[in-house]
Amino acid sequence: MTSFFCPHPFAFMEFSLGGNVFCCCPAHVQRPLGNLREQTIDEIWNGEVAQKMRHEIINHRWEAVCKPSCPVVQEYLYKGKVRNLGSFVSNTEVLDRITQHINNKETELKTLPTVFNFANTTTCNINCIMCSCKKAPAEPELLEKSVEYVNSHLATTSRIVLTGSGDPLACATIRKLLTGNDHTTPSTDTKFTLLTNGLLLPKYWDAIKHNSFSTIDVSVDAGTAETYEMIRRNARWSDLNEALRLISDNRSKFNSVGINMTVMKENYAEIPQFIELGIKYDIPVRFNEVRTAGDLDAESNIFSNQDGHHFKNFLTVIARAQQKEYPVAVNWGNLLQYARNASAHAQ
């Protein structure tokens with residue numbers, strides 16, 4: 001099998017709540033690179049932690065950097081797939097420079113991040129039962145600091161991810177990146193990834209559709225109206241369907257589209273209906289296990305008690321789902337490890 005390599009420490013930066021800065025999703029990496037309250041972004045990018053992580057990845061010791069729950073790691077462990085650095089860097093000159101750093105085993109980079117993920121806003125138009133970001137304090141000055149930095153480095157930025165917390169269309173500061181109200185125009189090479197509940201998309205579509213988009217992922221977390229409106233409080237199933245129709249009608253504007261389910265006790269039984277929703281709008285579906293507590297009780301995280309009846313029922317549900325073929329792509333995300341167990345469970 002090809003040795004594991006992750007491009008994140010060489011090209012990716014996530015601004016998280018509390019001022020923390022990561023080279024990957026916080027749930028899947030061992031520690032932050034630094035904190036915006038204590039360091040500048042440039043200091044963080046080539047700081048001691050960042051360079052140590054790059055050293056470990058270059059020397060194929062991913063366990064010192066990544067957690068096994070990471071979907072990138074699971075794709076490697078269960079499918080033998082390795083992420084390509086080119087998927088993070090659109091600028092050929094920058095790609096060549098980063099590749100040279102890696103080939104020379106250099107951990108101090110002269111290149112800047114090429115992908116920025118904003119996960120440092122708590123502003124959202126709904127209130128999901130598993131969301132914990134609403135408990136974090138709003139820190140608008142740190143959000144402004146990160147937005148200003150990215151605006152000043154658009155020339156070498158391949159992709160901007162909006163947002164890993166809150167909703168990009170609900171937050172005025174983040175929304176300005178899309179609408180151009182901050183008097184900047186993204187490079188034609190810069191693409192936006194939207195991580196959103198989608199509900200405000202019809203309202204703002206005319207103001208943002210001029211951008212180049214790589215991906216739009218809509219968090220749904222249910223297969224029926226009743227469960228959707230219970231999990232995603234203040235949301236309406238009819239509004240979600242309006243947004244999904246808009247995405248389906250404008251499919252050519254996006255390199256890829258998807259809807260997501262965070263799997264928990266409250267919704268695992270609706271995995272089949274959720275897949276059907278994707279089929280209805282011709283949108284691929286993706287799954288992840290629940291990670292945050294929010295307002296959930298302990299039983300909601302069915303993965304923390306794998307001897308419990310909910311987890312066993314979950315295995316039965318995905319075992320049956322895996323036996324079928326679908327007209328849309330089904331990505332099991334970090335459920336891959338359980339999907340294998342489900343196959344054995346069904347035999």
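Criteria and thresholds
- Residues numbered from 1 in each chain as written.
- Predicted model: local features only at pLDDT ≥ 70, side-chain atom pairs only at ≥ 80, totals over all residues.
- Heavy atoms only, no water.
- Helix = DSSP H or I, 4+ residues; strand = E, 2+ residues; numbered from the N terminus.
- Buried < 20%, exposed > 50% of the residue type's maximum accessible area, 1.4 Å probe, protein only.
- Contact = heavy atoms within 4.5 Å.
- Expected span 1.5 Å × (residues − 1).
- UniProt positions renumbered as here; feature names shortened; annotations may be inferred.
- Pairing = 2+ DSSP bridges.
- Right-handed = clockwise from strand over helix to strand, strands pointing away.
- Axes fitted to C-alpha atoms, helices over the stretch in contact; angles between N-to-C directions.
- Parallel < 35°, antiparallel > 145°, perpendicular 65-115°, else oblique.
- Nonpolar A, V, L, I, M, F, W, Y, C, P; charged D, E, K, R; others polar.
- Left-handed = near helix turned anticlockwise from the far one by under 90°.
- Polar contact = N/O pair within 3.5 Å; in protein donor to acceptor, adjacent residues only side chain to side chain.
- Salt bridge = Lys/Arg side-chain N within 4 Å of Asp/Glu carboxyl O.

Chemist: Tell me what's going on with the overall build of the protein, and back it up with residues and numbers.
Modeler: Within the protein, the regular secondary structure consists of 13 helices and 12 strands. Dimensions of the protein, computed from C-alpha atoms along their principal axes, come out at roughly 50 × 45 × 35 Å. Within the span of the protein, comprising 347 residues, buried residues form 51% of the whole. Of all intrachain contacts in the protein linking residues separated by at least 6 positions in sequence, the fraction that spans at least 24 positions is 70%.

Chemist: I'd like to hear about helix α6 (residues 140-151), residue by residue, with values.
Modeler: The end-to-end C-alpha separation of α6 is 16 Å, in line with the 16 Å expected for 12 residues at 1.5 Å each. Along α6, the residues that are buried comprise L142, L143, S146, V147, Y149, V150 and N151.

Chemist: Explain the UniProt feature "domain: 4Fe4S-binding SPASM" (unreviewed entry) in the protein to me, and be specific about the residues and the numbers.
Modeler: Per the UniProt annotation, the sites labelled "domain: 4Fe4S-binding SPASM" (unreviewed entry) are residues 6-71. Counted over residues 6-71, helix gives 32% and strand 15%. Its end C-alpha atoms are 11 Å apart.

Chemist: Any chance you could break down the sheet that holds strand β12 (residues 330-331) for me, citing the residues and the numbers?
Modeler: Strand pairing in a sheet relies on backbone hydrogen bonds. The paired strands run either parallel or antiparallel. Read across the open sheet, the 10 strands follow the order β3-β2-β1-β4-β6-β7-β8-β10-β11-β12; overall the sheet is mixed. Edge positions in the sheet fall to β3 (34-35) and β12, since each of these pairs with one other strand and no more. The sheet contact formed by strand β7 (residues 191-196) and strand β8 (residues 213-219) spans 5 bridges and is parallel. Of the residues in β8, the one forming a bridge with T193 is T215.

Chemist: How would you summarise the pairing of β7 if you had to cite specific residues and measurements?
Modeler: Across 4 bridges, strand β6 (residues 159-162) lies against β7 in parallel orientation. Bridge assignment links V161 to a residue of β7, and that residue is T193. A crossover connection joins β7 to the parallel β8 through helix α8 (residues 201-208); in handedness this β-α-β unit is right-handed.

Chemist: Lay out the packing of helix α10 (residues 237-249) against helix α11 (residues 271-281) in plain terms, naming residues and giving numbers.
Modeler: The geometry of α10 relative to α11 is characterised by a closest axis approach of 9 Å and an angle of 45 degrees between their N-to-C directions. Viewed along their axes, α10 and α11 adopt a mutual orientation that is oblique. From α10, W237, N241, L244, R245 and S248 reach across to α11, where they touch L277, K280 and Y281. Its residues placed into classes, the contact of α10 with α11 shows 4 nonpolar, 2 polar and 2 charged.

Chemist: Before we move on, could you go through unusual backbone geometry and cite the residues and values that matter?
Modeler: At the junction of L162 and T163, the peptide bond is cis and its omega measures out at -15 degrees in the coordinates. Relative to the elements of secondary structure, T163 occurs in the loop between β6 and α7 (172-179). Of note in this structure, H60 is not a glycine but carries a positive phi near 60 degrees. Position of H60 relative to the elements: it lies in the loop between α3 (48-58) and α4 (71-79). The partly exposed category is assigned to H60, whose relative accessible area is 47%.

Chemist: Can you lay out the packing of α6 against α7 for me, pointing to particular residues and giving the numbers?
Modeler: Orientation of α6 relative to α7, taken along the N-to-C sense of each, is 15 degrees, at an axis distance of 10 Å. Looking at the two axes, α6 sits roughly parallel to α7. The way α6 lies across α7 gives a crossing that is right-handed. Here L143, E144, V147 and N151 of α6 lie close against α7, whose contacting residues are T173, I174, K176 and L177.

Chemist: Could you give an account of the environment of Q74, with specific residues and numbers?
Modeler: With respect to the helices, strands and loops of the structure, Q74 is situated in helix α4. By relative accessible area, which is 1% here, Q74 ends up buried. Sequence spacing of Q74 and Q337 is 263 residues, and the spatial spacing of their C-alpha atoms is 7.4 Å. Within the structure, Q74 has its side chain in polar contact with the backbone oxygen of N334 (distance 3.5 Å).

Chemist: Describe in detail the environment of A235, supporting the description with residues and values.
Modeler: Examined against the element boundaries, A235 turns out to sit in the loop between β9 (232-233) and α10. A235 sits in the buried class, given a relative accessible area of 6%. C-alpha separation for the pair A235 and L17, spaced 218 residues apart in sequence, amounts to 24 Å.

Chemist: Account for the pattern of salt bridges, naming residues and giving values.
Modeler: Counted according to the given criterion, the structure contains 10 salt bridges. One salt bridge in this structure joins R83 and E75, with 3.7 Å as the shortest N-O distance. Taken together, the shared-partner salt bridges in this structure form one network comprising K52, E56 and R61.

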